[in-house]
Structure formats: structure tokens, C-alpha cells
Amino acid sequence: MTQKAYSYYPGCSLSSTAREYDVSTRLVFKNLGLDLQELADWNCCGASAAKGTNHLLGLALPGRVLQQAEEKSLPLTTPCPECYSRLRFAAHEMKDESVRRQVSEVLEKDLQNNVVVEPTLKIIWEYEGDLHLKKSLAGLKAVAYYGCLFVRPKAVADFDDEENPRSMDDIVARLGVEMLDWSFRSECCGAYLSIPKPEVAYRLVYRILRGAKQVGAECVVVACPLCQANLDTRQKTVEARYKESMGLPIIYFTQLMGLAMGYSPEELLLDKHLTDPLPLLRSKGLA
Amino acid sequence: MGGTSTVTPVARSSFLLHVEKESGQRIMDCYQCGKCTAGCPAAASVDITPRQVMRAIQLGLVDEVLDSSMIWLCLSCQTCTARCPCLIDIARVMESLRLIASREGRAKEKDVALFHRLFLRSVEASGRLWELGLGGFYNLSSGHPLANVGLLPSLLMKGKLEVLPHQNKVTQAAVKRIFERASRLESK
């Protein structure tokens, strides 16, 4: 049987603050027999900065990534919701022929705009084969936190429910983890405002962490590098500001998958988080 | 009752038309239900809320809109867009307002505008975002030299930050050209 292959676009965060998301994603895909072929010479998608500065630039930066994927004739995948959103948005806008021509003009290459873009979360969610699990993560209680861009807006991201997404809950529940119901699945974490306007982000991070705590979660499972960074690296500040102890490790769903597949916490870079997940995992006999 | 009553159309200000053209959204469809504001993560931190921004555009209140903090603190989380019963892409309207304000050199939230500029400068320089560089340049240019430095030792120790920007000549050259061509074509 030939392996199913994808063009892989990790995006900037995954080669820096979210390296553990990249490493664990690659391990999970390898274990599932899915081939990730990283695009050569990929560039930044422009994130929120490009689209709010020059609309055409905000389309052309992800446009170049789409064009690289077209050349490889493989479906394109990325673990990052911001990258995913920018790629899908550019493809969506380019359904308008005049926009497609404009972006092609910037790139000096004729974009066909025919490449399939799917996030790694969706591919794993829809994977029907054996997950090759070596151990159960039963005993662990978690909430799944999706953030914004994997679920909104429907015209761009259309694989899970906008208000009450299930994909990550389903995947992590398959590992034996008890997934708790809660109200903050797709609330915003404050995104990049944690740098230029931290007080806005602190308030949002606090509400999310408190929401997780209130339903009895022992950790928060995430799929977004920015969500992870905000909930993890801002947690100490938020605890001090709101005089409330949280102690909630913020773990990528692919790290938990890797753990259940038999990889060690070190291989999955579970020691990279600021709120250390290892004491919790050890107390459950998982590390 | 009957079909005889007439509605006098409100005169559409040039500002309203400008925003409609820039965003591609039908601003006059907004009937002020407030769902956008109810779900907005920034609403508690802004001067005028998304609902008020929509009304102010309808009324042609240029300064109230372009000098608001709302258009800069919008997180593009898309909740308003997802929930608007009139199918207005409100996040897109906020984005268009940021574009219009930027062109006029207006920015109520200067640090946010600066952050976006430095983000793009980082991408333009190497083709990819250099997170440590962005943080450093932001601290130096914003007048908050100590912002986030408390996090630096643990982030560096855990190998979470690239010490140097990405080095790839192909990406770098291609992205530089995209920036040049996009700004030339956009200004046409």
C-alpha cells in the first residue's frame, strides 16, 4: 500500500517557541504511516500583521506557500491554526478570478488555486486506521482548548463546529483521557496582544484557566502555538495578578498522542513547558 | 397596514461608502442587535464596542471610528463574524478600518501598530518571523525596555527561542520581492 503523503508547512512558531508541537506532530504522523514532506524554502504566512497593513501582501505571503504546494501536487497540511487560516483565507479570496490574477502578478507565477489545505488536527481526527497505541492515558482529566481559528469563520475553516468543536476531544478521548465538558473551547486567548497590550491577554488567559480549573481539569490540551504560549508562559503572572493558583500544564494534543504511542516525555519535549507537566504525568504513572 | 408607506433613505456619507468598498461588507444591514459585542473578547478593554463602531460608521462619524482603540484591540478572533445574524464580516470591517487608519497615520493604540510593523519588518528581512528579534526590537522601540524580560531566561534555557534569524537566501529574496511588488500593486 502506498503511503498517503502531504506537503508539510510547519510555520514560524513551530521552529521556535512551539518546537515540541512540530516534533510531536512528526512522530504521530510517522506512527500513523502518513508521510509529511516539508516544503523547501517556505516563508511566514504574514499572520495578523500582513493582512491589516496591506491586504494584497496578506494574500501573497500565504499565496507563495500555496504555490509551492501546487508544484508538489500533494495536499498541504499545517499544525498551526493561524497559518491554516491565512492559507485557507487566501485560497477562499482567490476564488474571485481578479484576486487570483492579482496575487499571481505579485508572485510572478500563475497560481492555479487548486491545492487542498487541511490542518493536521483534521487529518488525525478523520484517520480511521489503528492508532498503534502502546498505553492508555486513563486517569488523566483534561479539557480541550481549540482557540479561534480552527473553527472560525465557517467560510474559511469548515471542519469542526464553530461554537462547540469536538475534534480534539474525540482524539484525546481515544487515548483514554477523560475529556471534560466546559465553556471555553473556542474563546480567544488574547493572541499577540500579550506583547503590546498584555492586560487584555491576562484577563482572557485568567478566564480560560479558571474555567478549566472549575470543571476539574488537571491539564489543558491545545492545538495552537499562540494559545499554548499565552496559557503557559503567562500563567505565573496571571496567578499573581488574580491571587489564584492554577498549576495547569498546557500540552499539545500530539504530545499526549505520542505518549500513548509509547514515546518518552523527552522525545516529545514535554520538558519544554514553563508549567511543568512531568509531575502530573508521573503521579498518573505516565512518565 | 399596506404597502404605501415610504422610507426616506439616509444619506450615505463618503466614509460609509469608503468602508463598504474597502471591506466588501454591507454596513447598513447592521440593526444593532449587539451579538458581536456580547462575544467580543476585547469589548471589556475598549473605548467603543464593535456594535458602536458599526453604528458610528453608519452615521459617518469618521474620527470616533478611526481614533477608537477598538479597531486596534480587535483580535481577529472572528466570533463577531461567526455570530452576526446579518452575515456581516465584522472582523473584516475592523481590519479594513485598521488599513484606513494606518494610511492616514492614525493609531490610537500605538504599541499595537508598532508591534504589527516590527512583525512585518522581521518577515521582510529574513522571510520568516524571528520571535526573539521581534521581542527585542519591540522593547527597544516601544519605550517598554523591560517588557517580558522576566520570561527570557526560562525561554532561552528551554531552547524555545531561536537565537539568530532564519538564514535562507531563496526565501529571503522571494519574500523581499513579494513585499516590493505587493506595495507597488496595492497603491495602484
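Rules behind the numbers
Residues numbered from 1 in each chain as written. Chains lettered and ligands numbered in written order. Predicted model: local features only at pLDDT ≥ 70, side-chain atom pairs only at ≥ 80, totals over all residues. Helix = DSSP H or I, 4+ residues; strand = E, 2+ residues; numbered from the N terminus. Rg over C-alpha atoms; globule rule 2.2 N^0.38 Å. Buried ≥ 20, exposed ≤ 12 C-beta atoms within 10 Å, placed from the backbone. Contact = placed C-beta atoms within 7 Å. Pairing = 2+ DSSP bridges. Domains from an automatic or database assignment. Nonpolar A, V, L, I, M, F, W, Y, C, P; charged D, E, K, R; others polar. Right-handed = clockwise from strand over helix to strand, strands pointing away. Expected span 1.5 Å × (residues − 1). Arc of directions from axis to C-beta.

## Concerning the overall build of chain A
Piece 1. Per the secondary structure count, chain A includes twelve helices and eight strands.
Piece 2. Relative to the 2.2 N^0.38 estimate, which gives 19 Å for 287 residues, the radius of gyration of chain A is 19 Å and therefore close to what a compact globule would have.
Piece 3. The C-alpha extent of chain A, read off along each of the three principal axes, is 55 × 50 × 30 Å.
Piece 4. Burial status across chain A gives 60% buried among its 287 residues.
Piece 5. Taking as baseline every contact in chain A between residues at least 6 positions apart, the subset at least 24 positions apart corresponds to 77%.

## Quick notes on the pairing of strand S7 (residues 219-222) of chain A
Residues and elements named next belong to chain A.
Piece 1. Neither face of S7 is left uncovered, since the one carrying Cys219 and Val221 and the one carrying Val220 and Val222 both have all their residues buried.
Piece 2. Across four bridges, strand S5 (residues 141-145) lies against S7 in parallel orientation. Paired with tyrosine 145 across the bridge in S7 is valine 222.
Piece 3. The sheet contact formed by S7 and strand S8 (residues 250-252) spans three bridges and is parallel. Bridge pairing links valine 222 to tyrosine 252 in S8.

## Here we look at the domain arrangement of chain B
Piece 1. Here the domain parsing of chain B yields domain 1 (14-103) and domain 2 (110-187).
Piece 2. One C-alpha centre belongs to domain 1 of chain B, the other to domain 2 of chain B, and the line joining them spans 28 Å.

## Focus: the domain arrangement of chain A
The extent of an interface is frequently quoted as the accessible surface area lost upon association of the parts.
Residues and elements named next belong to chain A.
Piece 1. Domains assigned within chain A are domain 1 (4-122) and domain 2 (132-283).
Piece 2. Spacing between the C-alpha centres of domain 1 and domain 2 amounts to 24 Å.
Piece 3. Taken together, the contacts link 25 residues of domain 1 with 27 residues of domain 2.
Piece 4. When residues of the side of domain 1 that touches domain 2 are assigned to their parent elements, the largest contribution, nine residues, is made by helix H1 (residues 19-31).
Piece 5. Looking at the side of domain 1 that touches domain 2 residue by residue, the class counts come to twelve nonpolar, eight polar and five charged.

## Quick look at the pairing of strand S2 (residues 34-38) of chain A
Residue and element names in this part refer to chain A.
Piece 1. Where strand S1 (residues 4-8) meets S2, five bridges bridge the pair, whose relative direction is parallel. Its bridge partner lying in S2, lysine 4 is registered against leucine 34.
Piece 2. In the classification by handedness, the crossover that spans S1, the intervening H1 and the parallel S2 is right-handed.

## Topic: the interface of chain A and chain B
Piece 1. Facing 48 residues of chain A, the contacting portion of chain B comprises 49 residues.
Piece 2. Looking at the side of chain A that touches chain B, the elements with two or more residues in it are helix H2 (47-51), helix H3 (55-72), helix H5 (97-107) and helix H8 (198-214) of chain A.
Piece 3. Here the side of chain A that touches chain B takes six residues from H3(A), the largest share from any one element.
Piece 4. Residues that form the side of chain A that touches chain B fall into these classes: 23 nonpolar, 13 polar and twelve charged.

## Structural notes on unusual backbone geometry
Piece 1. Geometrically, the link from Arg152(A) to Pro153(A) is a cis peptide bond, its omega value of -20° lying close to zero.
Piece 2. Among the structural elements, Pro153(A) can be located in the loop between S5 and helix H7 (167-173).
Piece 3. A positive phi is found at Ala47(A), a non-glycine position, where the angle reads about 45°.
Piece 4. In this fold, Ala47(A) is placed in helix H2.
Piece 5. Taking the number of C-beta atoms within 10 Å as the measure of exposure, Ala47(A) has 28 and is therefore buried.
Piece 6. Even without being a glycine, Asn148(B) presents a positive backbone phi close to 65°.
Piece 7. Within the element layout of this structure, Asn148(B) appears in the loop between helix H9 (131-142) and helix H10 (152-157).

## Let's talk about H9(B)
Quick reminder: α-helices carry 3.6 residues per turn. Residues three or four places apart thus point the same way.
Residues and elements named next belong to chain B.
Piece 1. Its twelve residues give H9 an end-to-end C-alpha distance of 16 Å, which sits within 8% of 16 Å, the value for a rise of 1.5 Å per residue.
Piece 2. The set of residues buried in H9 consists of Glu131, Leu134, Gly135 and Tyr138. One side of H9 carries all its buried residues, which in axial view fall inside an arc of 100°.
Piece 3. Packing partners of the buried residues in H9 comprise helix H8 (110-126).
Piece 4. Two residues or fewer after H9 comes glycine 143, characterised by a positive phi angle close to 80°.

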